[in-house]
Every structure is written in structure tokens, then in C-alpha cells.
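The primary structure of each chain is shown beneath.
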Amino acid sequence: MRLCLLLSLLSLVVHAEHPLGGPLPASLRKAAADQLVLPDPARRIGATVRFRADGSDASSEFREGLTRGEVAATTNLRRLLQLVKPTDPAFDLLKKQVEEYRALADAARAIVLTDHHKDQKKFAEMDKAFAAADKAYERLMRALKPVGNTPVVQLLDAIQWAAEVRRDEAFADGKTNEVGKLPMTEVVETENAPEPIKDFVKTLEPLLAMREFHRAITAANAAAHWAKSEQVQYANLLNSRRAVLGLPPFLLSERLSDAGFHHSEEMVKLKYFAHESPVTENKTPWDRVKNAKFEGGGVGECIYAGGATAQASHTGWWYSDGHRLILYGGGNAQGIARFGGGTWTFMTGNFSKYPL
């Protein structure tokens, strides 16, 4: 069984406690700062997320790590700009792969976000379109791995690193907290790169920014100390599929998950299955979001009964048009929880102030 309900956006009081945790212990700050100087972006993003989730102004260790990272990134970038020629055929090859992926992702996203009115043939077409986009996405991600790759890909990685430093310095200075932005075009302008390279970077910047946004949220979700493994598993499953479609990730919210858990528990114990609760104070999803003190507003709610795994609940919602439009729709937060053998509630929302 499964039902869905779209919720109107609502503004709630933002609580003082940071939704991703408290201050980073002093004993861990130097180690985290050291990670900002590592050439592996997957290692850097973990440290960046932890500093951003500090719950206070960026620490002096964060600034110091960024300063060291800027030196390392800029040195590497300038070396590669001297090495890579704008006429390198790897530019055109990579650009072609990006164009192929984008065409498939656009087609898949359009069919995923369409109400098919339970038409099984349309569902089959949707699965086929998603599989094609997924294959192209994986192929492109492999092509963009810098280790052992072409100088062109290494140059892109160097530009990305320098852009990360700019983004995080802006955060540390209190100017912006947009972890989903990656000012790569600004970097190549500052370095006076050749025009063909500037144009190439401008084309790839949105794709790489989205990839790094997903990496950041994956790291944040993995670090959610309150979350059960099945909650992180579901968050990663959904976000990985949203990445294929070029959609931004959902950050796992403890309070939205609490709202979902209590609704699932109540449905099991009171023996009903609906969005409207017989308990007055929990009557609507709006009430449940408010009662959970979520740091923002609710967007959507899905409920499911019949499977004990995260994959089972997603599969059930995937082939139900209303649910799928919530899973792959708007918002920036998600909550997921199961009670008993397999009664799930999933919620989406918008943080009033994004935690990262």
C-alpha cells in the first residue's frame, strides 16, 4: 500500500541548535584542516562539511587549512595550465561525452517527472530511459577521475580545487554558504587561461558543481550520528538516482525523520494507513512537521507498507506517479523512517537556512 501528499511550503521557527551537530572538537580541528590540503576531492569534502557543520563561525583552523589549500591548488593549477594545450583532442572527446550524457539525462528527467496514470508501458519506457542515462553518467564519472587520467582531466581537477577554496573562503568570511556552487569560471578568468579553456570550463562547471554538491551531501548524511544505517542507505539510494537525472541532493534531516518515524509508529499502533491522523495534534503532515520542530517548511509526504528494506520502499514509490513526483521533485531536505516490519514514512522539506 502507498499514498502520497504534496504539502504547501510553510515557514517555521529556526532553532538555535545546528541540525548537523555542535562545534567541532578542538582535538579534531587540525586533522580536519590537514585534509583540506589533500589532492583527493573526496577527502577534502569530508573536512569541508565538518567545518561547515561546526555550528559557529568558521574556526581559525578552517581558515588556516584553506590558506594552505589555496597555495597547493594554485601551484598545481598553474603548472597544468603551462602543460595543457587548448588544442588537446581530449577536450573535444570529453565535451562530446558530456553532451551525450546531458541529452540522455534531460530525456530521462522529463519522463520521470511525468504523470503516466499507471500506464505500464510508460513505466517500461521510463525504466529504459533512466537506465540509459545512468550508464552514460557512470561512463562520464569514470572519464572525469583525475588519477592516471589525461592532463586535461587533471587540469579540470586542479581548477575545481581552486574553486573549492574560493567557495569555502566566502563561507568563512560570512559572505555565502552555497556549498552547491563551484566558481570554476572565476578561477580561469583570474588565471587568464586561454579562451578555449575558459569556454570549456564554463560548459562543464554546472555538471562538476552538481557532482561536488552530491559529494558534500553524501558526506554529511554519512556523518549523521543519529541516523540508522537504513536511513543513510535510503538517502544515498535516492540521491544517487537524482544525480543521474541532474537533480540536486536532499540533505538528511533528523527532525523530518522523527516526524516520519512517529507517523509510521502511530499508523501501526492505531491500525490505520493514511496521511490524516485520528490524533488531533498530529492530524496533518503540516502538524507533524511543526511538532518535530523542523528547521524550515514541509514539501511532501509519502507512506508505504509492505517492505522491510529501503530499496523496497523506493521501488513501490517509483512506480506510483504521485510518489515519484515527490521523490524527484523540489526541496532540499529529506526524512525517512521505518517502524515495525515495513511501514515507512518519507518526507521532503526546505530548510529556512541551509545547514551547509
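Looking at this structure, I do not really get the overall build of the protein. What am I missing?
The helix and strand tally for the protein stands at 13 helices and 5 strands. Computed over the C-alpha atoms, the radius of gyration of the protein is 22 Å, within 12% of the 21 Å expected from 2.2 N^0.38 for a compact globule of 356 residues. Each principal axis of the C-alpha distribution contributes one length, and for the protein these read about 70 × 55 × 30 Å. Per-residue burial over the protein gives 49% buried out of 356 residues.

I keep staring at unusual backbone geometry and nothing clicks. Help me out?
A negative phi angle characterises most non-glycine residues, just as the trans form characterises most peptide bonds. Unusually for a residue other than glycine, His117 sits at a positive phi of about 50°. Of note, His117 is situated in the loop between α4 (89-112) and α5 (120-143).

For this particular structure, what's the right way to read the packing of helix α2 (residues 41-52) against helix α6 (residues 151-172)?
Axes are the key here: two packed helices are described by the angle between their axes and the distance separating the axes. At their nearest, the axes of α2 and α6 sit 12 Å apart, and the two run at 5° to each other. In terms of their interaxial angle, α2 and α6 are classed as roughly parallel. Note on element contacts: α6 touches α2 through Asp157, Gln160, Trp161, Glu164, Arg167, Asp168 and Phe171, opposite Pro41, Arg44, Ile45, Thr48 and Arg52. For the contact of α2 with α6, the class distribution of residues is 4 nonpolar, 2 polar and 6 charged.

So what exactly am I meant to see when it comes to the side chain of Ser257 here?
Along the chain, Ser257 turns up in helix α10 (residues 254-270). Ser257 sits in the buried class, given a relative accessible area of 2%. If near-sequence neighbours (up to four positions away) are discounted, Ser257 is found in contact with Trp226, Gln231, Leu252, Gln334, Gly335, Ile336 and Ala337.

Just to check I follow, could you spell out the pairing of strand β3 (residues 296-305) for this structure?
For a regular strand, side chains alternate in direction, first toward one face of the sheet and then toward the other. Most of β3 is tucked away: 10 of the 10 residues are buried. Pairing between β3 and strand β5 (residues 343-351): 9 bridges, direction antiparallel. Each bridged residue has a counterpart across the sheet, and for Cys302 the counterpart in β5 is Phe346.

For this particular structure, what's the right way to read the pattern of salt bridges?
Two side chains of opposite charge can pair, provided their charged atoms sit close to one another. In the structure shown here, the tally under the stated rule is 21 salt bridges. Asp34 is paired through a salt bridge with Lys30; the nearest N and O atoms lie 3.2 Å apart. Linking Asp34 with Lys30, this pair stays in helix α1 (residues 26-35), spanning 4 residues, or about one helical turn. Residue Lys30 is classed as exposed on the basis of its relative accessible area of 56%. By sharing partners, the salt bridges in this structure join Lys30, Asp34, Glu64 and Arg68 into a single network.

Would you mind going over the pairing of β5 with me for this structure?
Most of β5 is tucked away, with 8 of its 9 residues classed as buried. Where strand β4 (residues 333-339) meets β5, 7 bridges bridge the pair, whose relative direction is antiparallel. Each residue of the ladder has a partner; that of Ala337, found in β5, is Thr345. Hairpin connection between β4 and β5: a loop of 3 residues separates the two successive antiparallel strands, and Gly340 in this loop has a positive phi of roughly 70°.

What's the story with helix α3 (residues 60-83) in this structure? I'm lost.
Residues three or four positions apart in an α-helix share a direction because the helix packs 3.6 residues into each turn. With 24 residues, α3 should cover 34 Å at 1.5 Å per step; its first-to-last C-alpha distance of 35 Å lies within 8% of that length. Within α3, burial applies to Phe62, Gly65, Leu66, Gly69, Ala73, Thr74, Leu77, Leu80 and Leu81. Where the residues of α3 are buried, they touch α1, α2, α6, α7 (184-190) and α8 (195-222).

Criteria and cut-off values
- Residues numbered from 1 in each chain as written.
- Predicted model: local features only at pLDDT ≥ 70, side-chain atom pairs only at ≥ 80, totals over all residues.
- Heavy atoms only, no water.
- Helix = DSSP H or I, 4+ residues; strand = E, 2+ residues; numbered from the N terminus.
- Rg over C-alpha atoms; globule rule 2.2 N^0.38 Å.
- Buried < 20%, exposed > 50% of the residue type's maximum accessible area, 1.4 Å probe, protein only.
- Axes fitted to C-alpha atoms, helices over the stretch in contact; angles between N-to-C directions.
- Parallel < 35°, antiparallel > 145°, perpendicular 65-115°, else oblique.
- Contact = heavy atoms within 4.5 Å.
- Nonpolar A, V, L, I, M, F, W, Y, C, P; charged D, E, K, R; others polar.
- Pairing = 2+ DSSP bridges.
- Salt bridge = Lys/Arg side-chain N within 4 Å of Asp/Glu carboxyl O.
- Expected span 1.5 Å × (residues − 1).

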